[in-house]
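Residues per chain are reported as follows:
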Amino acid sequence: MLNLVIFGGPGSGKGTQSAKIAKKYGLYHISTGDVLRDHIARRTDIGKVAHSYISQGMLIPDKLMIKILEDLLKSRTSETKHGVIFDGFPRTLPQARELDALLEVLETKISVVIGLEVPDAELTQRMLLRGKESGREDDNEKAIKTRLAVYHKQTEPLEAYYKETGRYVAINGEGSIDEIFDKICAAIDAAK
Ligand code: ATP
Ligand code: MG
């Protein structure tokens, strides 16, 4: 099983690269952002809670996020049998520890963590453009500021967590989509 985590600031290209990686390596793509936006669109109870946080640019509470991920993993055992690419999860240390524990129960582990490195100014430009094109409710100036602050405070510490166990590979996330994808594939192939 090949289990990957793609990690990086908001708008760093996690979703775009994950779709390409999932296709090439036959992995199941779990994007927690997409899962939550689907709940919001269907107006479920989870969607109502998620909307109140996402629209502000805040993370949804760990307890709820972990429960959603756990349910998803447990209900998709056939889809995930070749491995998973986790996009947008973990975003906090408790989430990272929980993911390690969940995978251990499934007798597997994270093979590589891909860290997409993009400066804040570039991230802001990308998200403002995406907001105009897609109308994503959290791609506005105020929410973007919060998301970047939350990323540096809560998510960036995961870099050290994964570096300690030697699973972290930094990738320059600036350049063309295909250039970045080639670098990611080289890192995955080296670790396989
Ligand atoms: P991308 O690099 O793909 O553009 P992104 O940061 O713009 O990534 P998503 O990963 O889609 O966006 O996440 C959108 C929002 O969903 C987050 O700002 C947060 O509110 C919520 N969310 C997603 N994943 C998590 C998580 N693991 N824990 C808490 N909240 C989450
Ligand atoms: Mg995304």
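So, here's what we can say about the structure. Computed from a predicted model, the values in this text were never measured in an experiment. (Residues numbered from 1 in each chain as written. Chains lettered and ligands numbered in written order. Predicted model: local features only at pLDDT ≥ 70, side-chain atom pairs only at ≥ 80, totals over all residues. Heavy atoms only, no water.)

**Here's the deal with the site of ligand 1**
- Around ligand 1, 24 residues are found, and the nearest of them are Thr32, Arg37, Met58, Arg91 and Arg130.
- For ligand 1, an oxygen atom lies 2.8 Å from a polar atom in the side chain of Arg37.
- Contacts to ligand 1 include Gln95, whose side-chain N or O atom sits 2.9 Å from a nitrogen atom.
- Top element by residues in the shell around ligand 1 is helix 2 (residues 32–41). It accounts for four residues. (Near = heavy atom within 4 Å. Polar contact = N/O pair within 3.5 Å; in protein donor to acceptor, adjacent residues only side chain to side chain. Helix = DSSP H or I, 4+ residues; strand = E, 2+ residues; numbered from the N terminus.)

**Some details on the packing of helix 7 (residues 141–155) against helix 8 (residues 157–164)**
- It is at 5 Å that the axes of helix 7 and helix 8 come closest, and there the two elements cross at 35°. Residue-level inspection shows His152, Lys153, Gln154 and Thr155 of helix 7 in contact with helix 8, the latter providing Pro157, Leu158 and Glu159.
- For the contact of helix 7 with helix 8, the residue count by class is two nonpolar, three polar and two charged. (Axes fitted to C-alpha atoms, helices over the stretch in contact; angles between N-to-C directions. Contact = heavy atoms within 4.5 Å. Nonpolar A, V, L, I, M, F, W, Y, C, P; charged D, E, K, R; others polar.)

**Structural notes on the sheet that holds strand 1 (residues 4–8)**
- One open sheet accounts for five strands, arranged 2-3-1-4-5; its pairing is parallel. Pairing within the sheet leaves two strands with one partner each, and these edge strands are strand 2 (28–31) and strand 5 (168–172). Across this sheet, the average inter-strand angle for adjacent strands is 20°, counted without regard to direction.
- Pairing analysis gives three bridges linking strand 1 to strand 3 (residues 84–87), with the strands arranged parallel. Within the sheet, the bridge partner assigned to Leu4 lies in strand 3 and is Ile85.
- Against the sheet, helix 1 (residues 14–25) engages strand 1, strand 2, strand 3 and strand 4 (112–117), with an angle of about 160° to strand 1. (Pairing = 2+ DSSP bridges.)

**Things to note about the nonpolar core**
- Ranked by size, the top nonpolar core spans 27 residues in total, and within it Leu69, Phe86, Leu99 and Tyr162 carry the most contacts.
- Of all the secondary-structure elements, those providing two or more residues to this core are strand 1, helix 3 (45–54), helix 4 (62–75), strand 3, helix 5 (93–105) and helix 8.
- Sort the elements by how many residues they give to this core and helix 4 lands first, with six residues.
- Non-local contacts of Leu99, meaning those with residues more than four positions away in its chain, are made with Val5, Leu69, Phe86, Phe89, Pro90 and Ile110.
- Listed in part, the 18 residues of the second largest apolar core include Leu4, Ala22, Ile180 and Cys185. (Core = buried A, V, L, I, M, F, W, Y, C linked by side-chain atoms within 4.5 Å. Buried < 20%, exposed > 50% of the residue type's maximum accessible area, 1.4 Å probe, protein only.)

**Observations regarding helix 5**
- Over its 13 residues, helix 5 extends 19 Å from the first C-alpha to the last, a length consistent with the 18 Å expected when each residue adds 1.5 Å.
- All of the buried residues in helix 5 are Gln95, Ala96, Leu99, Asp100, Leu102 and Leu103. The buried side chains of helix 5 occupy one side of the element, clustering within an arc of 165° when seen end-on. Across helix 5 from its buried face, at more than 90 degrees, point the exposed residues Glu104 and Val105.
- In the core, the buried residues of helix 5 are packed alongside strand 1, helix 4, strand 3 and helix 8. (Expected span 1.5 Å × (residues − 1). Arc of directions from axis to C-beta.)

**A short note on the environment of Ile110**
- Following the sequence through the fold, Ile110 ends up in the loop between helix 5 and strand 4.
- Classification of Ile110 by relative accessible area gives buried; the value is 2%.
- Setting aside residues no more than four positions away along its own chain, Ile110 makes contact with Asn3, Val5, Leu99, Asp100, Leu103, Tyr162 and Arg167.

Purely geometric numbers; function is a separate question.
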